[in-house]
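Residue-level structural notes
Residue strings, one per chain:
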Amino acid sequence: MLFKLGLLFTVTPIVELFILFQLAKITSFWQTIAIVIFTGIAGAYLAKSEGKIIITRIKEELNQGRLPGNQLLNGLCVLIGGALLLTPGIITDILGFTLVIPGVREFYKSIIKRKFKKVIDRGDFDIRFFR
């Protein structure tokens, strides 16, 4: 797992830089910088507004005596998506937006639910959950 994370945090920035350089060749340096800044600001705003909606829904479900499992998954997706949107790069921005936008987020939630189901079926609740 540590090797995979190391590879991810090494390869992703290199690929992102390559894509940004290619984009700068097509457009211009300043337009590329503007795109990175705009997506960061727009992503932070979107993540913040979605986060507020999710927190409100979690409070409502708790007040009704229900466990907010689905909303907690929404919150996890928005948290990860917001972090990706603040990271400069085209791939991370696309992935971040898909995690923050409500309709598209369902794809990731289904993957997370399948992972949880496998862990529950195996009875394996240790730190190696996401292998």
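In this report, we go over the structure that sits alongside the text. (Residues numbered from 1 in each chain as written. Predicted model: local features only at pLDDT ≥ 70, side-chain atom pairs only at ≥ 80, totals over all residues. Heavy atoms only, no water.)

In this section: the pattern of salt bridges. Applying the stated criterion to the full structure yields 3 salt bridges. Residue Glu50 is joined to Arg105 by a salt bridge in which the shortest nitrogen-to-oxygen separation is 2.9 Å. In this pair, Glu50 sits in helix α2 (residues 29–63) while Arg105 sits in helix α5 (residues 102–122), placing the two residues 55 residues apart along the sequence. One exposure class covers both Glu50 and Arg105, and it is buried. Here Lys117 makes a salt bridge to Asp121, at a shortest N to O gap of 3.2 Å. One end of the pair, Lys117, and the other, Asp121, are both in helix α5, 4 residues apart, so they sit about a helical turn from each other. (Salt bridge = Lys/Arg side-chain N within 4 Å of Asp/Glu carboxyl O. Helix = DSSP H or I, 4+ residues; strand = E, 2+ residues; numbered from the N terminus. Buried < 20%, exposed > 50% of the residue type's maximum accessible area, 1.4 Å probe, protein only.)

This brings us to the side chain of Asp93. Mapping Asp93 onto the fold places it in helix α4 (residues 90–100). Within the buried core, Asp93 has no salt-bridge partner, and the shortest N-O distance to an opposite charge, that of Arg105, equals 16 Å. In this structure Asp93 touches Thr39, Leu84, Leu85 and Thr87, once residues within four positions along its chain are discounted. (Lys, Arg positive; Asp, Glu negative; His and termini not counted. Contact = heavy atoms within 4.5 Å.)

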